[in-house]
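Each chain, letter by letter, is given below.
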Amino acid sequence: MDLGLNEEQEMLKKSAREFLSKECPKKLVRELDESDSGLSRELWKKMAELGWIGLPFPEKYGGNGGTLLDLIVLLDEMGYNIVPGPFFSTVVLAGFTLLQAGSEEQKQTYLTKICSGDMIMTFAITELDGTYLPESIETMAEAKGEQYILKGTKLFVPDANIADFLLVAARTGKSTNPADAISIFLVDAKSAGVKVTLLKTLGRDKLCEVVFENVKIPSKNLVGKLNGGWPVIRSILRKATVAKCAEMVGGAQASLDMAVSYAKERVQFGRPIGSFQAIQHYCANMVTDVDGSRFITYKAAWTESEGLPADMEVSMAKAWTSEAYKRVAVLAHQIFGAIGFTMDHDMHLYFRRAKAGELAYGDADFHREIVAAQLGL
Amino acid sequence: MDFRFSEAEKRFRAEVEEFILQEIPPGYADKDLYWPGGYGAIGEFEVRDPAVEKIRKKMGERGWLTMAWPREYGGGGRSFVEQAIFFERLSYYDAPGMDVSTLISGPTILRFGSEELKKEWIPRIVRGDLKFWLAYSEPNAGSDLAAIQARATIDGDDLIVNGQKIWSSGAHVSDCGWMVARTDMAAPPYKGTTLFIVDNKSPGITIRPIVNIDGFHSFNEVFFDNVRVPKKNVVGDMNMGFYYLMVALDFERLVISMGGFRHRYEDLLNYARNTRRNGRLLSEDARVRARLSQLAIEIEIAYLLYYKTAWMMDNNLFPNIEASEIKLITTLLSRKLADAGMEIMGQQAQLWPGSPHAPLRGRFAVGYLDSISAVIGAGTSEIQRNILAQRGLGLKRR
Ligand SMILES: Cc1cc2nc3c(=O)[nH]c(=O)nc-3n(C[C@H](O)[C@H](O)[C@H](O)COP(=O)(O)OP(=O)(O)OC[C@H]3O[C@@H](n4cnc5c(N)ncnc54)[C@H](O)[C@@H]3O)c2cc1C
């Protein structure tokens, strides 16, 4: 057994903490949160130069040849600092899909551009009901000569408003099992008939509605096998789920750190509020939640990263972390009192993300159901 | 015992309901984003709406704003239970009408104020002419109000006030501050603090907005620079303000928009009854059913406590411990209701008001953020627990 990070991962963690606190201060986080795009081109370019965007991708596509676990270490820090922008969609959702299912030509064309920071991409999966089940995909792609005609509406698509290309999950036939007729397409966001509307959400995380009105897609933009999309999506969702957990662990850690240092400083009744047992117990509950989430997330990430069956581990991590981060953020708010209830304070940035993270890729109930199934129930 | 409303109470309830449905400004309730228990999305803390003023005056004419006060002071001579019924219906329909002046300051003036003070202020409060804001908290005095540093010194017939208040909800749309300041720095705070009314128009007052996490300008910081306040505005005796404040805080904690809880809960119930997910109604999902029934139980307990406190007041029992209990229970419920609603509604729940796909106009999303304030404003949950344990159960401080 080895339950620690390796040397490179420790370095990555440390340099990410330093880089982000300098290059992505809360002032910028706030500006981006309040903007429509959520993107700082400057920061994006710097992250590409650091090799972060290509971190888990092979060197032949301009990547850094790292593992999923390496990426998890970075996402943990990104969650700690909060880094608005399309990193998650581009790297986790789109990058991994291309790597796993894309043709060599698609990888050469798109993945290299992603790694160099020249292309922003996302994956449009969910629709009106917002669930991650194959039957909820109703968007249709109909073959017509050398192209497909795409029709339908996607909801909660992250960063579609700034994406150059979208991966889209669409139905390409009829089947008794709804998972059997789903395919993935690469769609140029500038194609005629693509309409993107930014949704205003509690998390301010740039989720979009994307309407496809008879959008023409060249046949060569099919990613992976025709009707073979769902197994790919499942595998990508598993990675996205554990990746989201990592961000959430970082955010929970930051909430804890902020609250503990405030509890040491803030004086009421002539003593630091951290000297009241009520507050101490809150802090103790928070650290227990943070550590539990971190352990279970890293176990899941390692399992997935090693290519071992990870459905159970990943769902355990998401079911737990979804609720743990929320508990931590709520307690942190409680410790801050009124000052935390202001736009100018940082705490709500985390509280919002705890909710958005909980909802992304299945909430606690959804994942407990998977755990139950894995347990043979 | 009899847990039912009497015939007279039922009639009154119907009368209130009819009034609200008739008088509530058109479209008001459709825009309202108030979250029960929260302090951050109260429309009346944000703007001064003439339509709201009008309905308040009409309530004033009926003696409803101060219905449980003695008739000699323009009160309605009604019971506290009737008042509770009134507020329950009011909050159920998102109707305006509640105000610091009628709920907190007025009752405190009646209890401790001089005849002169009563004569000057009570009739205007009864009519619904005035809006008050609470000037208690300061940057270094939140839970620990004894630590306030704002001070007032006597100068002839006036007090001269200097200092800063913060988290002052609605200060920018109010007429008067209901303020505590130190008047005897040599004495311990509970013997050197005075409670008084300060006119917002007095020279030397600067009000600066603070935007809350829902994005609303509901509260402020307020600076006092040599502000003159006539000494006749002092409530009760000089230097006794801390005691009056404790009573005023109890009045504040008894202000619960019970009907708001019920209404938002019913919204959620209807949503679950009418929304299909994964091929079946949410209301058929065992987890949803368990959460909804748990909420129903908690709301029932809150209602019982709500009427119990009113009933106690009618029977000359002052609900001091119960005030903390109901504050604690309902503000925790505020969060649970928001959280449960968000979880039941899933992804859509995160959509903000204005978004076409937002369920229930996005009220739960706003409430989800706002509910964080419920457990902090008017005395945090920890302070309520301390009161319950120490004052209520006699447990030692150390
Ligand atoms: C939306 C909103 C509106 C408000 N409106 C007004 C208003 O109109 N007028 C006004 O005067 N004030 C207002 N307040 C202020 C409110 O009364 C204070 O926020 C509250 O009393 C807590 O004070 P604080 O925020 O300074 O937190 P602190 O007192 O600093 O408390 C921080 C944390 O320490 C805990 N703590 C403190 N003392 C103890 C103890 N002895 N034992 C255990 N734990 C303790 C608290 O419970 C809290 O968790 C408002 C607040 C909010 C959030």
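Residues take numbers from 1 onward in each chain, read along the sequence in its written order. For naming, the first written chain is A and the first written ligand is 1, with later ones following in the order written. Note on the predicted model: pLDDT of at least 70 is required for a residue's local features to be given, and 80 or more for side-chain atom pairs to be given and counted; whole-chain, interface and lining totals, by contrast, use all residues. Think of the side-chain values as coming from all heavy atoms in the structure, minus any hydrogens and water.

## Points about the packing of helix α10 (residues 320-345) of chain B against helix α11 (residues 363-374) of chain B
All names here are of chain B.
- It is the contact of α10 with α11, at a shortest axis distance of 9 Å, that shows an interaxial angle of 155°. In terms of their interaxial angle, α10 and α11 are classed as roughly antiparallel. For the pair α10 and α11, the crossing hand works out as left-handed. Each of Lys327, Thr331, Ser334, Arg335, Leu337, Ala338, Asp339, Gly341, Met342 and Met345 in α10 lies in contact with α11, whose residues at this interface are Phe364, Ala365, Gly367, Tyr368, Ser371 and Ala374. A fitted line through C-alpha atoms serves as each axis, taken over the contacting stretch for helices, and the angle formed by two N-to-C directions is quoted from 0 to 180°. What counts as a helix is a DSSP run of H or I of at least four residues, what counts as a strand is a run of E of at least two, and both are numbered from the N terminus. For classification, angles of less than 35 degrees are called roughly parallel, those exceeding 145 degrees roughly antiparallel, those between 65 and 115 degrees roughly perpendicular, and all remaining angles oblique. Two helices crossing with the near one rotated counterclockwise from the far one by less than a right angle form a left-handed crossing, whereas a clockwise rotation gives a right-handed crossing. Contacts between residues were defined by any pair of non-hydrogen atoms, one from each residue, lying within 4.5 Å.

## Remarks on the site of the ligand
- Near the ligand you find 29 residues, and of these Arg266 and Gln334 of chain A together with Ser143, Thr380 and Glu382 of chain B are the closest.
- More than a single chain frames the ligand: its nearby residues are located in chains A and B.
- Contacts described as polar in this section are N or O atom pairs within 3.5 Å, which, within protein, must combine one atom able to donate a hydrogen with one able to accept it, while residues neighboring in sequence count only if both atoms come from side chains. Note that an oxygen atom of the ligand is positioned 2.6 Å from one of the side-chain N or O atoms of Arg266 of chain A.
- Contacts to the ligand include Ser143 of chain B, whose side-chain N or O atom sits 2.6 Å from an oxygen atom.
- Areas reported as accessible are Shrake-Rupley estimates using a 1.4 Å probe. Residue values count occlusion only from the protein chains shown. Calculation on the ligand without its partners gives an accessible area of 970 Å², and the protein chains cover 94% of this total.
- Of all the secondary structure elements, the ones that give two or more residues to the shell around the ligand are α9 (311-336) of chain A together with α12 (381-392) of chain B.
- Sort the elements by how many residues they give to the shell around the ligand and α12 of chain B lands first, with 3 residues.
- The residue inventory of the shell around the ligand, partitioned by class, reads 15 nonpolar, 12 polar and 2 charged. Near, as used in this document, describes a residue that has one of its heavy atoms within 4 Å of the molecule or strand being considered. Throughout, the ten residues Ala, Val, Leu, Ile, Met, Phe, Trp, Tyr, Cys and Pro are labelled nonpolar, Asp, Glu, Lys and Arg are labelled charged, and all others, Gly among them, are labelled polar.

## Notes on the domain arrangement of chain A
All names here are of chain A.
- Structurally, chain A comprises domain 1 (7-120), domain 2 (123-227) and domain 3 (231-374).
- For domain 1 versus domain 3, the distance between C-alpha centres works out to 21 Å.
- If you look at the interface, domain 1 gives 23 residues, while domain 3 gives 31 residues.
- For the pair domain 1 and domain 3, the summed buried surface comes to about 2400 Å²; carbon and sulfur atoms form 65% of the total.
- The buried area of a pairing is the accessible area, by a 1.4 Å probe, that goes missing from both parts when the two are put together, added over both. In terms of surface lost to domain 3, no three residues of domain 1 exceed Arg30, Tyr80 and Phe88, which account for 24% of the buried area on that side.
- By salt bridge we mean one thing: a side-chain nitrogen of Lys or Arg within 4 Å of a carboxyl oxygen of Asp or Glu. Linking domain 1 with domain 3 are 3 salt bridges, by the criterion used here.
- The shortest N-O distance in the salt bridge between Arg353 and Asp33 comes to 2.7 Å. Note that domain bounds follow an automatic or database assignment of domains.

## Some details on helix α6 (residues 104-115) of chain A
All names here are of chain A.
- An expected span of 1.5 Å times one less than the residue number is assigned to each helix. With 12 residues, α6 ought to run about 16 Å at 1.5 Å a step, and its terminal C-alpha atoms sit 15 Å apart, in line with that.
- On its buried face, α6 sits against α3 (41-49), α5 (87-101), β1 (121-124), β4 (165-171), β5 (182-188) and β8 (222-223).
- Once α6 ends, the next one or two residues include Gly117, with phi positive near 85°.

## A short note on the environment of Leu333 of chain B
All names here are of chain B.
- If you trace the backbone, Leu333 turns up in helix α10.
- With 193 residues separating them along the chain, Leu333 and Asn140 place their C-alpha atoms 28 Å apart.
- Once residues within four sequence positions are removed from consideration, Leu333 is found in contact with Phe261, Leu295, Glu298, Ile299 and Ala302.

## Details of the packing of aromatic side chains
- Aromatic rings from Phe, Tyr and Trp, with only the six-membered ring used for Trp, were paired whenever their centres fell within 6.5 Å, and each pair was classed as stacked if the ring planes differed by under 30 degrees, edge-to-face if by over 60, and tilted otherwise. Summed over the entire model, instances satisfying the criterion amount to 26 aromatic pairs over all chains.
- Taking the centre distance of 4.8 Å and the plane angle of 40° together, the rings of Tyr262 of chain A and Phe336 of chain A count as tilted. Placement of Tyr262 of chain A in helix α7 (residues 229-265) and of Phe336 of chain A in helix α9 is noted, with a sequence separation of 74 residues between them.
- The buried category is assigned to Tyr262 of chain A, whose relative accessible area is 15%.
- A relative accessible area of 6% means that Phe336 of chain A is categorised as buried.
- With 6.1 Å between their ring centres and 85° between their planes, Phe269 of chain A and Phe276 of chain A make a pair best called edge-to-face.
- Members of the aromatic cluster, joined through ring pairs, are Phe12, Phe19, Trp64, Phe86 and Phe87 of chain B.
- Directly above the ring of Tyr92 of chain B sits Arg89 of chain B, whose terminal nitrogen or CZ lies 4.5 Å from the centroid. A 1.4 Å probe rolled over the protein chains alone gives each residue an accessible area, and that area as a share of the maximum for its type sets the label: buried under 20%, exposed over 50%, partly exposed in between. Distance and angle both matter: a charge sits over a ring if NZ of Lys or CZ of Arg is within 6 Å of the ring centre and within 35 degrees of the ring normal.

## Observations concerning unusual backbone geometry
- Positive phi, close to 65°, is recorded for Asn227 of chain A, a residue that is not glycine.
- When you line up the elements, Asn227 of chain A lands in the loop between β8 and α7.
- A residue is classified by how much of its surface remains accessible, and Asn227 of chain A, at 30% relative accessible area, is partly exposed.
- Of note, the phi angle at Asp94 of chain B is positive, near 55°, even though the residue is not glycine.

## Here's the deal with the interface of chain B and chain A
- Contacts between the two partners involve 44 residues from chain B and, on the opposite side, 42 residues from chain A.
- Between chain B and chain A lies a buried interface of about 3800 Å² when both sides are counted; carbon and sulfur atoms form 60% of it.
- Taken as a group, Ile213, Gln347 and Gln350 of chain B account for 19% of the area that chain B buries against chain A, more than any other trio of residues on that side.
- One can count 4 salt bridges joining chain B with chain A.
- Here Asp365 of chain A and Arg287 of chain B are joined by a salt bridge, their closest N and O atoms 3.9 Å apart.
- Scanning the region where chain B abuts chain A turns up 22 residue pairs in polar contact (both at pLDDT 80 or more).
- At the level of elements, β6 (205-211), α10, α11 and α12 of chain B are the ones that each hand at least two residues to the side of chain B that touches chain A.
- Taken together, the residues of the side of chain B that touches chain A break down into 17 nonpolar, 16 polar and 11 charged.

## Digging into empty space enclosed by the protein
Residue and element names in this part refer to chain A.
- A cavity here means a set of 1 Å grid points, computed over protein atoms only, where a 1.4 Å probe fits but cannot escape. A pocket is an open set with protein on both sides within 12 Å along at least 5 of 7 lines, and lining residues have an atom within 4 Å of a point. Grid points are joined across faces, edges and corners, and a volume is the space filled by probe spheres set on the points. Taken as a whole and judged by the stated rule, the model has 2 cavities of 30 Å³ or more.
- Lining the largest cavity are 38 residues, with Phe88, Pro158, Asp205, Lys244 and Glu247 sitting closest to its centre.
- Of all the secondary-structure elements, those providing two or more residues to the lining of the largest cavity are α2 (26-34), α4 (68-81), α5, β3 (147-158), α7 and α10 (347-359).
- A volume near 40 Å³ is recorded for the second largest cavity.
- Forming the walls of the second largest cavity are Leu39, Ser40, Leu43, Trp44, Met47, Pro84, Gly85 and Pro86.
- For the lining of the second largest cavity, the class distribution of residues is 6 nonpolar, 2 polar and no charged.

## Some remarks on the domain arrangement of chain B
All names here are of chain B.
- With domains assigned, chain B is organised as domain 1 (7-127), domain 2 (132-239) and domain 3 (249-392).
- Relative to domain 2, the C-alpha centre of domain 1 lies at a distance of 24 Å.
- Between domain 1 and domain 2, the contact holds 23 residues from the first and 22 residues from the second.
- For the pairing of domain 1 and domain 2, the buried interface totals around 1800 Å² over both sides, and the portion due to carbon and sulfur atoms is 64%.
- One can count 2 salt bridges joining domain 1 with domain 2.
- As a salt-bridge pair, Glu120 and Lys232 come within 3.3 Å of each other at their nearest N and O atoms.
- Counting across the interface, domain 1 meets domain 2 through 6 residue pairs in polar contact (both at pLDDT 80 or more).
- Within the residue set of the side of domain 1 that touches domain 2, elements represented by two or more residues are α5 (100-112) and α6 (115-127).
- Looking at the side of domain 1 that touches domain 2, the element that brings in the most residues is α5, giving 7 residues.

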